[in-house]
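Here's the letter readout for the chains.
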Amino acid sequence: MDTYDIAIIGGGPAGYNAAERAGHAGLKTVVFEKRALGGVCLNEGCIPSKALLNSAKIYDYARHSEVYGVTVKNASLDHKTVVARKNKVVSKLTGGVAMKLKKCGVTVINAEAAIENKTAGGFTVSAAGNTYAAKNLLVCAGSVPVLPPIQGLADSLKSGFALTSREILDLEAVPKTLTIVGGGVIGLEMAAYYASAGAAVTVVEMLNSIGGPIDGEISKILLNNLTKAGIAFALGAKVTAIENGGVTYEKDGKTQTLKCDKTLVSIGRRAAAVSGLEKLGVALERGAILTDEHMRTNIPGVYAAGDVNGKSMLAHTAYREGEAAVNHIVNKRDVMRYEAIPAVIYTHPEAAFVGETEDSAKKKGYEVKCATLPMMYSGRYMAENEGGDGICKLVTEAKTGRVLGVHMIGGYASETIALAAMMIETEIKIGDLRELVFPHPTCGEVIRELLFEI
Ligand SMILES: Cc1cc2nc3c(=O)[nH]c(=O)nc-3n(C[C@H](O)[C@H](O)[C@H](O)COP(=O)(O)OP(=O)(O)OC[C@H]3O[C@@H](n4cnc5c(N)ncnc54)[C@H](O)[C@@H]3O)c2cc1C
């Protein structure tokens, strides 16, 4: 039986990044992947959705280019080409992951792993009829879509009328009508792509706002922009049935059925189950593996990183958690922190945020000082976004002058937010930040302007 220093279950961002770090640290490493290296992120999540959205953005620019003095005649979007390009991007990236793991000596087993036993020297894992022993076990099994027992959903999934995020990224043709159940990040991004591609899209959301926990004002601006882009919204609407080519929901005491060609169910994700985990007695909370700041579970030698611990469900968190776990195994000082994890909605315009909102900061007892500016304060934003209504908000702690949160909507928000995350993570004070030189003209300069509004 082969014996490893670390066995990693799952080859998504948490698992492949941890495997690479472990390989570089000289640990004998094996990673098990039952579907495709790269996990949800590279194969059916972050990257494919962004490839689709980029085509939508180019198409949107082409259709609305006159205002910039550019005339594009007969602009069209060919969905099949968009999906083919998406597949090419995915294949290059996943190939790159395989190559990197090979380069650092990691063994990759393309099979489903099941945890077998705890032994004197560690753990045993079985896959494809073989048994592997490892001193440490890192569970990076990711997540799966939440599919509640809505009337008719199971049959609709079987018939192909209802889809999850996996299938919608690979539809062969753009449906004429598409209903999206759930106005969170995934739902909004898919609504944005398919609306641009020509579908009549309706988003049905149980809450009265879209985008989940994002700042309320930014949520309204996003709603306004997506509505202008032709997406219909039914907010405060509870879906009660998905059957017979229709989505039925209750809103304000009335029941309504939307007939449509396809429906995407995107109401959240939950930690994936791993066979044999229960044999070790690993503690779970609502199905997710409980972990500490080193990604340790309650069982010594067993770690869990990424979506499977249910803490953040973002690829960049998964990377860091995988690293934190490996660093603990090799006795390198490292602690996983969650205060400065940025999140992005890659619609057009894109929205990005990190840290506390004004409300959440107040609820935590901070005395806050906040400032908001239109993105138009940035010369570049002005030059590039005719009629843009983006804003940026800065939330700071009055007592210390440190940044608690940044929330923005508008071009390049996804890139600028990394700077904001660094401000929070390093606890740098407003006074010191004012001395930073920002490149000009950039959309991020709006943050510099905000520093003088506090
Ligand atoms: C449509 C969509 C868009 C998204 N967009 C973004 C985005 O823009 N930015 C962002 O940060 N996040 C995004 N996410 C979330 C992101 O994909 C996840 O947070 C990330 O993939 C989590 O990484 P992970 O390694 O924990 O799990 P996963 O990527 O889910 O990988 C887990 C892997 O483990 C494998 N596995 C599970 N059990 C076993 C087993 N027993 N044996 C062997 N292999 C096993 C699975 O096959 C899978 O490949 C998106 C998700 C979706 C669905």
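Residues numbered from 1 in each chain as written. Predicted model: local features only at pLDDT ≥ 70, side-chain atom pairs only at ≥ 80, totals over all residues. Heavy atoms only, no water.

Draft legend 1. Up close: the sheet that holds strand β11 (residues 232-235). Pairing within the open sheet is parallel, and its five strands lie in the order β8-β15-β9-β10-β11. Each of the sheet's edge strands pairs with one partner strand only, and the pair in question is β8 (162-163) and β11. (Pairing = 2+ DSSP bridges. Helix = DSSP H or I, 4+ residues; strand = E, 2+ residues; numbered from the N terminus.)

Draft legend 2. Looking closely at the layout of surface pockets. Space inside the second largest pocket adds up to approximately 1200 Å³. Around the second largest pocket sit 40 residues that line it, and K57, D60, Y61, H348 and P349 are the ones nearest its centre. Mapped by element, the contributors of at least two residues to the lining of the second largest pocket are α3 (46-63), α4 (79-103), α7 (185-196), α8 (216-228), α12 (379-384) and α13 (413-426). Looking at side-chain class alone, the lining of the second largest pocket contains 16 nonpolar, 13 polar and eleven charged residues. (1 Å grid on protein atoms, 1.4 Å probe; cavity = no way out; pocket = protein on both sides within 12 Å on 5 of 7 lines; lining within 4 Å. Points joined across faces, edges and corners; volume = space filled by probe spheres on them. Nonpolar A, V, L, I, M, F, W, Y, C, P; charged D, E, K, R; others polar.)

Draft legend 3. Quick peek at unusual backbone geometry. Residue P349 is reached from H348 by a cis peptide bond, and omega for that bond is 10°. Along the chain, P349 falls in the loop between β20 (343-345) and β21 (351-355). Residue H440 is joined to P441 through a cis peptide bond whose omega torsion reads -5°. Positive phi is not limited to glycine here, since R286 has a value of about 45°. Phi angles above zero are rare outside glycine, and Y412 is one such case at about 65°. Residue position: Y412 is located in the loop between β24 (403-409) and α13. In this structure Y412 comes out as partly exposed when scored by relative accessible area, which is 36%. (Buried < 20%, exposed > 50% of the residue type's maximum accessible area, 1.4 Å probe, protein only.)

Draft legend 4. Examining the sheet that holds strand β22 (residues 368-374) more closely. Spatially, five strands are ordered β20-β21-β24-β23-β22 in an open sheet, and the strand pairing comes out antiparallel. Each edge of the open sheet is held by one strand with a lone partner, namely β20 and β22. The average undirected angle you get between the axes of adjacent strands in this sheet is 10°. Relative to β24, strand β23 (residues 391-397) runs antiparallel, the two sharing six bridges. Paired with V395 across the bridge in β24 is G405. In this fold α8 packs onto β20, β21, β23 and β24, with an angle of close to 10° to the strand it touches most, β24. (Axes fitted to C-alpha atoms, helices over the stretch in contact; angles between N-to-C directions. Contact = heavy atoms within 4.5 Å.)

Draft legend 5. Broad picture of the packing of α3 against α7. Across the interface, α3 lies against α7 with an axial gap of 9 Å and an inter-helix angle of 45°. With respect to α7, the element α3 is oriented oblique. Crossing geometry of α3 relative to α7 is assigned as left-handed. Residue-level contacts link S49, K50, L52, L53, A56, Y59, D60 and R63 of α3 to E189, M190, A192, Y193 and S196 of α7. (Parallel < 35°, antiparallel > 145°, perpendicular 65-115°, else oblique. Left-handed = near helix turned anticlockwise from the far one by under 90°.)

Draft legend 6. Structural context of the nonpolar core. Within the largest apolar cluster, 38 residues are counted, with the highest numbers of intra-cluster contacts made by I168, I180, Y193, Y194, V201 and L222. Elements supplying a minimum of two residues to this core: α3, β9 (177-181), α7, β10 (200-205), α8, β20 and β21. If you tally residues by element for this core, the top one is α7, at seven residues. Not counting residues up to four positions away in its chain, the partners in contact with Y193 are L52, L53, A56, L77, H79 and V82. In terms of nonpolar packing, the next biggest core, distinct from the first, is built from 29 residues, A19, A22, L27 and M336 among them. (Core = buried A, V, L, I, M, F, W, Y, C linked by side-chain atoms within 4.5 Å.)

Draft legend 7. Layout of the packing of α3 against α4. Packing of α3 against α4 leaves a shortest axis separation of 9 Å and a crossing angle of 140°. Viewed along their axes, α3 and α4 adopt a mutual orientation that is oblique. With respect to the hand of their crossing, α3 and α4 are arranged in right-handed fashion. Counted together, I47, P48, A51, L52 and S55 of α3 and V82, R85, K86, V89, V90 and L93 of α4 form the full contact between these two elements. Grouping the constituent residues of the contact of α3 with α4 by class yields eight nonpolar, one polar and two charged.

Draft legend 8. Local environment of the site of the ligand. Neighbouring the ligand are 37 residues; E33, K50, A113, D307 and A315 lie closest to it. A315 places a polar main-chain atom, nitrogen or oxygen, 2.8 Å from an oxygen atom of the ligand. Between the ligand and the protein, one listed contact pairs an oxygen atom with a side-chain N or O atom of H316 at 3.3 Å. Bound to the protein, the ligand loses 94% of the 1000 Å² it would expose on its own. Where the shell around the ligand is concerned, the elements lending two or more residues are α1 (13-24), α2 (39-44), α3 and α10 (315-329). Considering every element that reaches the shell around the ligand, the biggest residue donor is α2, with four residues. For the shell around the ligand, a count of residues per class yields 18 nonpolar, eleven polar and eight charged. (Near = heavy atom within 4 Å. Polar contact = N/O pair within 3.5 Å; in protein donor to acceptor, adjacent residues only side chain to side chain. Areas by Shrake-Rupley, 256 points an atom, 1.4 Å probe, with all protein chains shown as cover.)

Draft legend 9. Structural context of the pattern of salt bridges. This model, assessed by the stated rule, comprises 20 salt bridges. Where E189 meets K50, a salt bridge forms, and the shortest distance between an N and an O atom there is 2.8 Å. With E189 in helix α7 and K50 in helix α3, this pair connects stretches of sequence that are 139 residues apart. We classify K50 as partly exposed; its relative accessible area is 23%. Among the ionic pairs, D170 bridges to K86, the shortest N-O distance being 2.6 Å. You can see D170 sitting in the loop between α6 (165-168) and β9 and its partner K86 sitting in helix α4, a full 84 residues away along the chain. Salt bridges linked by common partners bring R21, R320, E323 and D334 together as one network. (Salt bridge = Lys/Arg side-chain N within 4 Å of Asp/Glu carboxyl O.)

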